[in-house]
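Inside the fold
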Number of protein chains: 2
Amino acid sequence: MVVTTPKHSGHEHPRPRSAAVVDDIIAQLCDLGYRDTEPRRLVISAVAAQSRPFTAEELCSALPCVGRATVYRGLRLLVETDQVCRILLEDHELRYQLSQPGHHHHLLCGVCGASADLEGCGAEDLLREAAAAAGFRMKGHLLEVYGECVECVED
Amino acid sequence: MVVTTPKHSGHEHPRPRSAAVVDDIIAQLCDLGYRDTEPRRLVISAVAAQSRPFTAEELCSALPCVGRATVYRGLRLLVETDQVCRILLEDHELRYQLSQPGHHHHLLCGVCGASADLEGCGAEDLLREAAAAAGFRMKGHLLEVYGECVECVED
DNA sequence: ATAGTTTCCGAGACGGAGTATCATTATGGT
DNA sequence: ACCATAATGATACTCCGTCTCGGAAACTAT
Ligand SMILES: [Mn+2]
Ligand SMILES: [Mn+2]
Ligand SMILES: [Zn+2]
Ligand SMILES: [Zn+2]
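Throughout what follows, the structure given in this document is the object of discussion. (Residues numbered from 1 in each chain as written. Chains lettered and ligands numbered in written order. Predicted model: local features only at pLDDT ≥ 70, side-chain atom pairs only at ≥ 80, totals over all residues. Heavy atoms only, no water.)

Concerning the overall build of chain A
Across its full length, chain A holds six helices and five strands. In chain A, buried positions account for 41% of the 155 residues. Contacts in chain A between residues far apart in sequence, at least 24 positions, make up 46% of those at least 6 positions apart. When the accessible surface of chain A is summed, it comes to about 9000 Å², and 51% of that surface belongs to carbon and sulfur atoms. (Helix = DSSP H or I, 4+ residues; strand = E, 2+ residues; numbered from the N terminus. Buried < 20%, exposed > 50% of the residue type's maximum accessible area, 1.4 Å probe, protein only. Contact = heavy atoms within 4.5 Å. Areas by Shrake-Rupley, 256 points an atom, 1.4 Å probe, with all protein chains shown as cover.)

Structure below.
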């Protein structure tokens, strides 16, 4: 499964910076047995181009040439393979963001919509203990932090 | 489809335990300017009768004589007035449960579906500090704990 | 390259969940 | 009893995500 050049169809565009990210993710997907397809690359590319957490529908709008079902399927695959995080806003709106793999949480700014990763905050152990005190065996958790980011606080 | 008497039918039922709960919640709603209506009482009564977190649709099924919109409105009112908690399961299913007012979280058993309240676990302060370290001003958070309850662990 | 196998795509149908509409009814204050 | 208005409920609607299925594309084997 060598991940070489994506098939160009037509003109020779200068490679966007995100191309490396796309190649990297495609490579991982190929290792898992998924195929290297043009629509898939387009979805990954659009995901990588977002600077803020985005909704699935926003992604669809950004990809008018890709079928809606394909966008949703691609997004789901990226979440399942831990390339993209699902983010839950305070109003229960579901958003997504390209993310480092591994367990972490998000600091979500209600003003500008930005998201910052938060890891190793130690809350997990505390929770596990508190749960254990009630005889409860913690096996997972959902945690989102809402507030204002550095830049928005300064204004 | 006249629903039979709210107060008393011909027979003398011993008042269910939940009647006190219903009266109590209705009283609070009246203080806020909401009216004491039969459908509202039915919704509250059905909510109080649930032993596990329930979905809105389950509540609708349990109340075939109350309009679906009314059930949803009643549920929303109870959430807004902090009588009922919204609970988010791991698969993102939204459930509800009668609850004590005030800030707390939930220990959710994935085996039997039970929910236990968790308060004062100290995770909030820890989170606020961790967020502050990144210049982020925490103003709220969403936290659900998933695992197995005492009874289910023992099996 | 060619042919064959299987995944993938995409237009559209579908389904669940919650909300909006609006004519009608019930409630609570006077 | 009367009235203003809050609440109800049938229904239509929106939103979001999944399913279906015929056709296309991607990999594999020859
Ligand atoms: Mn993330
Ligand atoms: Mn609760
Ligand atoms: Zn911000
Ligand atoms: Zn249990």
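So that's the structure; there's more coming.
Overview of the coordination of the zinc ion (ligand 3)
Residues and elements named next belong to chain A. Every protein donor of the zinc ion (ligand 3) is listed here as C109 (SG), C112 (SG), C149 (SG) and C152 (SG), and their distances to the metal cover 2.2 to 2.4 Å. Around the zinc ion (ligand 3), the four donor atoms are arranged such that angles at the metal cover 105 to 114°; this shape is classified as tetrahedral. Donor residues for the zinc ion (ligand 3), ordered by position in the chain, follow C-x2-C-x36-C-x2-C. Within this pair, whereas C112 is found in the loop between β3 (105-109) and β4 (115-118), its partner C149 is found in the loop between β5 (137-148) and α6 (150-153), the two being separated by 37 residues in sequence. Residue C149 is classed as buried on the basis of its relative accessible area of 13%. (Donors = N, O, S within 2.8 Å, 3.2 Å for Na, K, Ca; no water. Tetrahedral: all angles 85-135°; square planar, octahedral: opposite > 155°, others 65-115°.)

Observations regarding the packing of helix α2 (residues 38-49) of chain A against helix α4 (residues 68-80) of chain A
Between two packed helices, the angle of one axis relative to the other and the distance separating the axes together describe the packing. All names here are of chain A. The geometry of α2 relative to α4 is characterised by a closest axis approach of 10 Å and an angle of 65° between their N-to-C directions. For the element pair α2 / α4, the angle class is roughly perpendicular. Note that α2 runs across α4; the crossing there is right-handed. The segment α2 lies against α4, with P39, R40, V43, I44 and V47 engaging T70, V71, G74, L75, L77 and L78. The residue makeup of the contact of α2 with α4, split by class, is eight nonpolar, two polar and one charged. (Axes fitted to C-alpha atoms, helices over the stretch in contact; angles between N-to-C directions. Parallel < 35°, antiparallel > 145°, perpendicular 65-115°, else oblique. Left-handed = near helix turned anticlockwise from the far one by under 90°. Nonpolar A, V, L, I, M, F, W, Y, C, P; charged D, E, K, R; others polar.)

Observations concerning the coordination of the manganese ion (ligand 2)
In this structure, B:C85 (SG), B:S99 (OG), B:H104 (NE2) and B:H106 (NE2) serve as the protein donors to the manganese ion (ligand 2), at separations of 2.0 to 2.7 Å. Sequence positions of the donors to the manganese ion (ligand 2) reduce to the motif C-x13-S-x4-H-x1-H.

Some remarks on the relation of the copies chain B and chain A
Taken as rigid bodies, chain B and chain A are interconverted by a rotation of 180° and an axial shift of 0.0 Å, the fit giving an RMSD of 0.1 Å. Seen this way, the second copy is the image of the first under a two-fold rotation axis. Minimal C-alpha distance to the rotation axis in chain B is attained by B:L143, lying at 2.3 Å. Most of the interface of chain B is mirrored in chain A, where 100% of its interface residues are also at the interface. (Least-squares fit on C-alpha atoms with pLDDT ≥ 70 in both.)

Interpretation in functional terms is not warranted from these geometric data alone.
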